[in-house]
Amino acid sequence: MAPHVRALGDPRTDPWQESSTMTATTGATQRAHPERPGRSDGVCSEFTVFTEIKPGHADALREDLAALADATADERVHAALHQIGTLHDARHVIFDNGTRHMFASVFDGSWDTYIDDFAQTEVGDRFDKVFSHTEGFPGVADPGVKDWFVAHQAPAGVFVSSYPDLTVQQVWKDQRVSEAFQAVLDTPEFRAALDNPANTELLATPAFQKLLEEAAG
């Protein structure tokens, strides 16, 4: 295994997981890993892996990535990502004239749980297919896959999140609340409540005024 590379600042492994996300530790033996490479900003952590593409596999990898891009509209993939519930974004890049591949993503919570969860969903099968074109990949369900990822992971020099205090679950919740509130704003009953003199004191409170300002924005 390649020497462990540590970025400036301590990598962070958060023990929490939202209750609605997957937890892959049940029924599995977890190895002790005091640290994982990668930088964090608030609840968000970055994960970047660089691999060597097998000779003659670049075109096949491009085809599988194109299929994966098409699959992002697949309801099964979105359902799997919702089941995982910790992935903010991800990207694959082929570079160096088709000889190297990069996978980068941003996730919430534990590094180990993040890797484990992929192996249990539709995403894991697609992940396996893509990485099968890279040198030495053992398979996402292989017991040694975490060591392989660590050996190929390069911590970012700088990592910044626009919303470091929001997990994927919280972003989704905020979106649901916003959509529900917007729906209320569009009802004639809400307009009538605004015009009702009995609600004057409530409407004048800073909290309610801020709510209306945010909704208008």
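Everything quoted here is computed from the prediction, not taken from an experiment.

Rules used in this analysis
The numbering scheme is per chain: residues are counted from 1 as the chain's sequence reads. Thresholds applied to this predicted model are a pLDDT of at least 70 for local features of residues and 80 or more for the giving and counting of side-chain atom pairs; totals over whole chains, interfaces and linings are not thresholded and use all residues. For the side-chain quantities, the full set of heavy atoms in the structure was used; hydrogens and water were omitted. Each reported salt bridge corresponds to a side-chain nitrogen of Lys or Arg within 4 Å of a carboxyl oxygen of Asp or Glu. A run of DSSP states H or I qualifies as a helix once it reaches four residues; a run of E qualifies as a strand once it reaches two. Both are numbered from the N-terminal end. We call a residue buried when its accessible area falls under 20% of the maximum for its residue type, exposed when it is over 50%, and partly exposed in between, using a 1.4 Å probe and counting protein chains only. Nonpolar core, defined: a set of buried Ala, Val, Leu, Ile, Met, Phe, Trp, Tyr and Cys residues in which side-chain atoms within 4.5 Å join the residues together. Two strands are said to pair when DSSP picks up at least two bridges between them. Note on definitions: a residue-residue contact is assigned when non-hydrogen atoms from the two residues lie within 4.5 Å. Fitted lines through C-alpha atoms give the axes, limited to the stretch in contact for helices. The angle between two N-to-C directions lies from 0 to 180 degrees. Only rings of Phe, Tyr and Trp enter the pairing, Trp through its six-membered ring, and a pair is recorded when the two centres are within 6.5 Å. The plane angle decides the type: under 30 degrees is stacked, over 60 is edge-to-face, the rest tilted.

### With respect to the pattern of salt bridges
A full pass over the atoms with the stated rule returns 8 salt bridges. Between D59 and R62 there is a salt bridge whose closest N-O contact spans 3.0 Å. Of this pair, D59 and R62 both sit in helix α1 (residues 58-71), 3 residues apart, which is roughly one turn of the helix. For D59, a relative accessible area of 53% translates into the label exposed. Look at the salt bridges and you will find they share partners, linking E52, D96 and R100 into a network.

### Re the nonpolar core
Judged by nonpolar contacts, the single largest core of 24 residues is most densely connected at F47, W111, Y114, I115, F131, F137 and F149. For this core, the elements supplying multiple residues, two or more each, are β2 (44-52), α1, α2 (75-84), β4 (100-108), α3 (111-118), α4 (122-131) and α5 (145-152).

### Describing the sheet that holds β2
Taken in spatial order, the 4 strands line up as β1-β2-β4-β3 in an open sheet, and their pairing is antiparallel. The open sheet terminates on both sides in strands that have one partner only, identified here as β1 (40-41) and β3 (87-95). Taken together, the 9 bridges between β2 and β4 define a ladder with antiparallel strand orientation. When the bridges of β4 are listed, T48 appears paired with A104. Along the sheet, α3 makes contact with β2, β3 and β4, crossing β4 at roughly 115°.

### Considering the packing of aromatic side chains
Tallied over the full model, the rule gives 19 aromatic pairs. Judged by centre distance (6.1 Å) and plane angle (55°), the ring pair of F137 and F149 falls under tilted. Taken together, the residues F137 in the loop between α4 and α5 and F149 in helix α5 connect sequence positions 12 residues apart. Here the aromatic rings of F181 and F190 are separated by 6.4 Å at their centres, their planes lie at 80°, and the arrangement is edge-to-face. With relative accessibility at 14%, the residue F190 sits in the buried group. Among the aromatic residues, ring-to-ring pairing joins F47, F103, F107, W111, Y114, F118, F127, F131, F137, W148 and F149 into one connected group.

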